[in-house]
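For reference, the chains in residue letters:
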Amino acid sequence: MISAARRINRAASAGGGRVFDRYHARALSTPREVRNCLAYVLNNWRHHGEDRSRSTARWLVDKYATAVAFDGWKELGRGRCVARPPSYSTLVVWQPRTWLLSVGWRRHGLVRIGEVPGARGESDDPD
């Protein structure tokens, strides 16, 4: 996987960019680890301040990511997703096939919309 990341970065660097800065594979094995990973992936845009621009300040979630298809937002209630913008082209989202990813992680609470990974202001505690 590291080799693939390096090759992708090499190809992307011709256009002046990088795809991967780091890559560290680690199997998630507990409901809490999976819940924290979901919060990190879905709200990482907040950690990087992308929710503070004039154009995105009113967004509940990153509208151009899979967060709009996620049905585990605490504020919306279980099973409800965020409304998509009219111009949104739906991303392919694979449904979870394991107990940890479909049900298990919910034991530690749904993900809050304002939860910031690495805490920029809100606690990492889901409760």
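Before reading further, recall that the structure is shown in the block above.
Below you will find a few notes about this structure. (Residues numbered from 1 in each chain as written. Predicted model: local features only at pLDDT ≥ 70, side-chain atom pairs only at ≥ 80, totals over all residues. Heavy atoms only, no water.)

Some thoughts on the overall build of the protein chain
The helix and strand inventory of the protein chain stands at three helices and zero strands. When the helices and strands of the protein chain are read in sequence order from the N terminus, they spell out α-α-α. Taken over 127 residues, the protein chain has a buried fraction of 31%. Taking contacts inside the protein chain between residues at least 6 apart in sequence as the whole, the part at least 24 apart equals 54%. (Helix = DSSP H or I, 4+ residues; strand = E, 2+ residues; numbered from the N terminus. Buried < 20%, exposed > 50% of the residue type's maximum accessible area, 1.4 Å probe, protein only. Contact = heavy atoms within 4.5 Å.)

Some details on helix α2 (residues 31–47)
Because each turn of an α-helix spans 3.6 residues, side chains separated by three or four positions end up pointing in the same direction. The terminal C-alpha atoms of α2 lie 22 Å apart, and with 17 residues this matches the ideal 24 Å at 1.5 Å per residue to within 8%. At Val41, α2 is deflected by roughly 45°, the largest bend along its length. Residues Pro31, Val34, Arg35, Leu38, Ala39, Leu42, Asn43, Asn44, Trp45 and Arg46 constitute the buried set of α2. Where α2 is buried, its residues contact α3 (99–102). Remark: Gly49 follows α2 within two positions and exhibits a positive phi of approximately 75°. (Expected span 1.5 Å × (residues − 1). Bend = angle between axes of the 7 residues up to and from the residue.)

Quick notes on the pattern of salt bridges
Scanning all chains against the criterion turns up five salt bridges. With its nearest N and O atoms 3.1 Å apart, the salt bridge here joins Arg46 to Asp51. On the basis of relative accessibility, which here comes to 9%, the residue Arg46 falls in the buried class. Looking at Asp51, the relative accessible area reads 9%, which means it is buried. Here the residues in one salt-bridge network are Arg35, Arg112 and Glu115, joined through shared partners. (Salt bridge = Lys/Arg side-chain N within 4 Å of Asp/Glu carboxyl O.)

Thoughts on the packing of aromatic side chains
All told, the structure shown has three aromatic pairs when counted by the stated rule. Their ring planes at 85° and their centres at 5.2 Å tell us that Phe70 and Trp73 sit as a pair that is edge-to-face. Following the ring pairs from residue to residue traces out a cluster consisting of Phe70, Trp73 and Trp105. (Phe/Tyr/Trp six-rings, centres within 6.5 Å; stacked < 30°, edge-to-face > 60°.)

Keep in mind that these numbers describe shape and distance, not what the molecule does.
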